[in-house]
Amino acid sequence: MYNINGQTRHLTNFQSILFLLIGLLLNAIGNGLTVATNMGSAPWTAAAANLSNLTHLPIDYFLFSFGLIAAIAVTLILHHFDAVRFFRNLAFVFIFSIVIGATATYFKHLGVNDLGYWVRLILDLIGITMIGMGISVTQRLATFLHPLDDLTNVMRFRYFKGNVVVAQTLNFAIPMLISLVIWIATKEIVAVNIGTIFSFLCQGMVIARADRYLIPRLVHRNKL
């Protein structure tokens, strides 16, 4: 929805495509930077990496499983099975994993992973901020997004009166707990670094600020 002088209207096809591309581009570049800098993956990616390290199964298995579980959770919360939404968002998981791989490879070719510690840390924090900005845009569009972001969006308005900070922090608490349990049990942890902690603590605040200042006329849809 687009807000003009207090009145909301539906987006034009051009606006929908443009804003979606902006959101996806921010998200893809941000994820590519966090992977290339190797300064800590986002909590769900870190949890998948630790489960993969524990079980020796491919990380993609767990990333897709998380997306599937989130898509099912959204269906249960809404008490309605929207087949188009369900499979479209699952398709997002598959397509976006390819895009992230491509952007990460590009940044590695640029030598990002060979930069000094502090430069990589700054780029990692910038990347995580860009991810939050991208999520903000795609959540407001609510047409094509990762099931985990869809779950946060639904929780935000169903249970927390629009408070994305609480919803995102609770969303991330699950994978952080998974990584913590694995670390306690095995004394080994991977893919967790400063960037992971920053993402856990601050991503909700980044999304909230982006909702307000990045394309401010773009507002959440009335119906989730």
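Structure's up top.
Since we're looking at a predicted model, the values are computed, not measured. (Residues numbered from 1 in each chain as written. Predicted model: local features only at pLDDT ≥ 70, side-chain atom pairs only at ≥ 80, totals over all residues. Heavy atoms only, no water.)

Student: Where do I start with unusual backbone geometry in this structure?
Tutor: Most peptide bonds take the trans form, and the phi angle of most residues other than glycine is negative. If you check the backbone angles, His 79 has positive phi at about 55° while not being a glycine. Tracing the sequence through the fold places His 79 in the loop between α3 (59–78) and α4 (83–109). Backbone geometry places Lys 161, a non-glycine residue, at a positive phi of 55°. Within the fold, Lys 161 resides in the loop between α6 (147–159) and α7 (164–186). (Helix = DSSP H or I, 4+ residues; strand = E, 2+ residues; numbered from the N terminus.)

Student: Explanation requested: empty space enclosed by the protein in the structure shown.
Tutor: Taking a probe equal in size to a water molecule and rolling it over the atoms shows the remaining empty space. According to the stated counting rule, one finds 1 cavity of 30 Å³ or more in the structure shown. Surrounding the largest cavity, Ala 71, Val 74, Thr 75, Leu 78, His 80, Asp 82, Arg 85, Phe 86, Asn 89, Pro 147 and Asp 150 form its lining. Of all elements in the fold, only α3, α4 and α6 reach the threshold of two or more residues within the lining of the largest cavity. Broken down by element, the lining of the largest cavity gets its largest block of residues, 4 residues, from α3. When its residues are assigned to classes, the lining of the largest cavity shows 5 nonpolar, 3 polar and 3 charged. (1 Å grid on protein atoms, 1.4 Å probe; cavity = no way out; pocket = protein on both sides within 12 Å on 5 of 7 lines; lining within 4 Å. Points joined across faces, edges and corners; volume = space filled by probe spheres on them. Nonpolar A, V, L, I, M, F, W, Y, C, P; charged D, E, K, R; others polar.)

Student: Any chance you could explain the packing of aromatic side chains here in plain terms?
Tutor: Aromatic rings in a pair are described by how distant their centres are and how their planes are angled relative to each other. Taken as a whole and judged by the stated rule, the model has 9 aromatic pairs. Pairing Tyr 61 with Phe 62 gives two aromatic rings, centres 5.1 Å apart and planes at 90°, and the pair type is edge-to-face. Taken together through their ring pairs, the aromatic side chains of Phe 81, Phe 86 and Phe 87 make up a single cluster. (Phe/Tyr/Trp six-rings, centres within 6.5 Å; stacked < 30°, edge-to-face > 60°.)

Student: What is the right way to read the layout of surface pockets from this model?
Tutor: The computed volume of the largest pocket comes to approximately 930 Å³. Around the largest pocket sit 38 residues that line it, and Asn 31, Thr 45, Leu 63, Ile 100 and His 146 are the ones nearest its centre. Only α1 (13–37), α2 (43–55), α3, α4, α5 (117–141), α6 and α7 provide two or more residues apiece to the lining of the largest pocket. For the lining of the largest pocket, the element with the most residues is α4, which contributes 8 residues.

Student: What is the right way to look at the nonpolar core in this model?
Tutor: One recurring pattern in soluble globular proteins is that nonpolar side chains are buried together. By size, the foremost hydrophobic cluster in this structure holds 17 residues, and its most contacted members are Phe 66 and Leu 151. Breaking this core down by element, the ones donating at least two residues are α2, α3, α6 and α7. The leading source of residues in this core is α3, at 6 residues. Leu 11, Phe 92, Phe 96 and Ile 100 belong to the second-largest nonpolar core, a separate cluster that totals 14 residues. (Core = buried A, V, L, I, M, F, W, Y, C linked by side-chain atoms within 4.5 Å. Buried < 20%, exposed > 50% of the residue type's maximum accessible area, 1.4 Å probe, protein only.)

Student: Can you walk me through α2 in this structure?
Tutor: An α-helical segment advances 3.6 residues per turn. Residues three or four places apart therefore align on the same side. Between its first and last C-alpha atoms α2 spans 18 Å; for 13 residues at 1.5 Å apiece the expected length is 18 Å, and the two agree. Within α2, the full set of buried residues consists of Pro 43, Trp 44, Ala 46, Ala 47, Ala 48, Ala 49, Asn 50, Leu 51 and Ser 52. Elements in contact with the buried residues of α2: α3, α6, α7 and α8 (194–213). Residue His 56 follows α2 closely and has a positive phi angle near 65°. (Expected span 1.5 Å × (residues − 1). Contact = heavy atoms within 4.5 Å.)

Student: Any chance you could explain α4 here in plain terms?
Tutor: Between its first and last C-alpha, α4 extends 39 Å over 27 residues, near the 39 Å set by a 1.5 Å rise per residue. Buried within α4 we find Arg 85, Phe 86, Asn 89, Leu 90, Phe 92, Val 93, Phe 96, Ile 100, Thr 103, Ala 104 and Phe 107. Those residues of α4 that are buried are in contact with α1, α3 and α6. With a side-chain oxygen lying 3.2 Å from the backbone nitrogen of Val 84, the N-terminal cap of α4 falls on Asp 82. (Polar contact = N/O pair within 3.5 Å; in protein donor to acceptor, adjacent residues only side chain to side chain.)

Student: How do you make sense of the environment of Ile 135 when you look at a structure like this?
Tutor: Among the secondary structure elements, Ile 135 is positioned in helix α5. On the basis of relative accessibility, which here comes to 4%, the residue Ile 135 falls in the buried class. Distance from Ile 135 to Asn 27, taken between C-alpha atoms, is 6.8 Å for residues 108 residues apart in sequence. Non-local contacts of Ile 135, meaning those with residues more than four positions away in its chain, are made with Asn 27, Asp 149, Gln 203 and Ile 207.

The quantities given are spatial measurements derived from coordinates; they are silent on function.
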